[in-house]
Amino acid sequence: MTTTTPIQLLSRLILSLIALSFSIAFSVICFIFGASRGIGKALAVQYSTNGKKVIITGHDEKTLKEVHTICARRGATVISHLIDETDEEAMEKWLKEVDSQNQIDLLIANTSVSAVTMGDKNMDIEKYTDVLFDINISSILNTIHPLIPLFRSRRRGQIAIVSSLMSHLPIGAYSAAKACMSTYGEALRLQLCKYNIQVSVIAPPYIRSSSMPTTSLKYKMATSAEDFAIFCQNGLINNEPIISPWSAELVMTILGCVPVPLLDCFLQSYLSFSSRGNKNFSSSPKHTKSQ
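Visitor: Can you break down the overall build of the chain residue by residue, with the values?
Guide: Broken down by element type, the chain carries eleven helices and seven strands. Across the 291 residues of the chain, 44% fall into the buried class. For the chain, the proportion of contacts with a sequence separation of at least 24, taken over those separated by at least 6, is 72%. Carbon together with sulfur atoms contributes 59% to the accessible area of the chain, which is approximately 15600 Å² in total.

Visitor: Let's hear about the environment of Cys193: which residues, and what values?
Guide: Within the element layout of this structure, Cys193 appears in the loop between α7 (172-192) and β6 (197-202). When the C-alpha positions of Cys193 and Arg155 are compared, they lie 9.5 Å apart, and in sequence the two are 38 residues distant.

Visitor: Describe the nonpolar core, and please don't skip the residues or the numbers.
Guide: In terms of nonpolar packing, the biggest core is built from 32 residues, with Phe31, Phe33, Ile144 and Ile159 touching the most fellow members. Broken down by secondary-structure element, the contributors of at least two residues to this core are β1 (29-32), α4 (88-101), β4 (106-109), α5 (125-144), α6 (148-154), β5 (157-162), α7 and β6. Setting aside residues no more than four positions away along its own chain, Phe33 makes contact with Thr57, Ile83, Glu85, Met91, Trp94, Leu95, Leu107, Ile108, Asn110, Thr111 and Thr143. Membership of the second largest hydrophobic core comes to 28 residues, among which are Leu43, Ala44, Val45 and Cys232.

Visitor: Lay out the packing of aromatic side chains in plain terms, naming residues and giving numbers.
Guide: For any pair of aromatic rings, the description rests on two quantities: the centre-to-centre distance and the angle between the ring planes. All told, the structure shown has four aromatic pairs when counted by the stated rule. Note on Phe33 and Trp94: the rings are 6.5 Å apart at their centroids and 90 degrees apart in plane angle, and the pair reads as edge-to-face. Note that Phe33 is positioned in the loop between β1 and α2 (38-47) and Trp94 in helix α4, a separation of 61 residues in sequence. Note on Phe33: relative accessible area 0%, which makes it buried. Note on Phe228 and Phe231: the rings are 5.8 Å apart at their centroids and 20 degrees apart in plane angle, and the pair reads as stacked. Here Phe228 and its partner Phe231 are both found in helix α9 (residues 225-237), three residues apart, which amounts to about one turn of the helix. Phe231 gets classed as partly exposed once you look at its relative accessible area, which sits at 33%. Pairwise contacts between aromatic rings join Phe31, Phe33 and Trp94 into one cluster.

Visitor: Report on the state of the cysteines, specifying residues and quantitative values.
Guide: As used here, a disulfide is simply a covalent bond connecting the sulfur atoms of two cysteines. Inspection of the entire model under this criterion finds zero disulfides. Cysteine Cys30 remains unbridged, with the sulfur of Cys71 as its closest cysteine sulfur at 9.5 Å.

Visitor: Can you break down helix α3 (residues 61-73) residue by residue, with the values?
Guide: For an α-helix, the turn length of 3.6 residues means that residues three or four places apart are oriented alike. The terminal C-alpha atoms of α3, which comprises 13 residues, lie 18 Å apart, in line with the 18 Å expected from a rise of 1.5 Å per residue. Listing the buried residues of α3 in full gives Thr63, Leu64, Val67 and Cys71. Looking straight down α3, one finds its buried side chains confined to an arc of 100 degrees; they lie on one side. Across from the buried face of α3, at angles greater than 90 degrees, the exposed residues are Lys62, Lys65 and Arg73. Buried residues belonging to α3 abut α2, β2 (53-58) and β3 (77-82).

Visitor: Which residues make up the environment of Ile171, and what values do they have?
Guide: Turning to its location among the elements, Ile171 is positioned in the loop between β5 and α7. Residue Ile171 is classed as buried on the basis of its relative accessible area, which comes to 10%. Taking the C-alpha atoms as reference points, Ile171 and Asp264, separated by 93 residues in sequence, lie 9.9 Å from one another.

Visitor: Explain the packing of α5 against α7 to me, and be specific about the residues and the numbers.
Guide: Axis separation between α5 and α7 bottoms out at 9 Å; the angle between their running directions is 20 degrees. It follows that α5 is roughly parallel to α7 by the angle criterion. In the packing of α5 onto α7, the handedness of the crossing is right-handed. Counting all contacts with α5, which are made through Tyr128, Thr129, Leu132, Phe133, Asn136, Ile137, Ile140, Leu141 and Ile144, the residues of α7 involved are Ala173, Tyr174, Ala176, Ala177, Lys178, Cys180, Met181, Tyr184 and Leu188.

Visitor: Tell me about the sheet that holds β6, and please be specific about residues and values.
Guide: Taking strand neighbours across the sheet as the criterion, the seven strands line up as β3-β2-β1-β4-β5-β6-β7 in an open arrangement whose pairing is parallel. Two strands lie at the open edges of the sheet, namely β3 and β7 (242-243), each paired on one side alone. Here β2 runs beside β3; their pairing, made up of six bridges, is parallel. Residue pairing in the sheet places Val54 in a bridge with Val78 of β3.

Reading the values: the criteria
- Residues numbered from 1 in each chain as written.
- Predicted model: local features only at pLDDT ≥ 70, side-chain atom pairs only at ≥ 80, totals over all residues.
- Heavy atoms only, no water.
- Helix = DSSP H or I, 4+ residues; strand = E, 2+ residues; numbered from the N terminus.
- Buried < 20%, exposed > 50% of the residue type's maximum accessible area, 1.4 Å probe, protein only.
- Contact = heavy atoms within 4.5 Å.
- Areas by Shrake-Rupley, 256 points an atom, 1.4 Å probe, with all protein chains shown as cover.
- Core = buried A, V, L, I, M, F, W, Y, C linked by side-chain atoms within 4.5 Å.
- Phe/Tyr/Trp six-rings, centres within 6.5 Å; stacked < 30°, edge-to-face > 60°.
- Disulfide = S-S within 2.5 Å.
- Expected span 1.5 Å × (residues − 1).
- Arc of directions from axis to C-beta.
- Axes fitted to C-alpha atoms, helices over the stretch in contact; angles between N-to-C directions.
- Parallel < 35°, antiparallel > 145°, perpendicular 65-115°, else oblique.
- Left-handed = near helix turned anticlockwise from the far one by under 90°.
- Pairing = 2+ DSSP bridges.

Written as structure tokens, this is what we have:
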């Protein structure tokens, strides 16, 4: 009878861990919502390497196809799909169907709309709040909830909720919705860790857009979506609870220490400046979801 020495057992364990590491690194099935542009697009491209399978969604067929092509050229197997995340029943049915064919390892919930990208400038604040909460809260829950039981049964999985640094400040319904999802994400992390499910909240800084003049102060102060996507990926690999640049978090922490009367004056001035020319602060001339 052949006996196994401790050294052989240790060698087998090391080889198993190496194999597992390669499996995780090269076989991640990543599901990214809102992948047609911005941070969602940058994350989709960033994860489309080493033969990974990437599933992306959006609302604009043309831009989603473009992202699909870019990701495929980088060596990923790509599945793209147009869907309305506010449809709870359709979302649950589709997510379960997708997971039955491709067991999802990482879910990035990135659906969002802001005051800057909201629609009709004549929309009153009550209607605006209803629409914004439906997208920024309900859509995220419709994305996450169908997969939690599946992750729990497999005792593995990772969830990333894209929030905002503005969740630290009381600037209208947008900040309130983002604060809700940030707090929920942190609570979910504690609830699901016993099932080996990792949950992180992503709080992006100011992100550059194509509409910004490259010589403007806004452009120089902002971070590119591509750079932030790399930052996010590293944060998710390290299972960080909050993924956000320390400098931006520091600024928000300092603002949080400002006496309320002074903070009110500052925020009222900010809102007045931001909404100049609009009927109310909650509207602007263009409506676009995070695609």
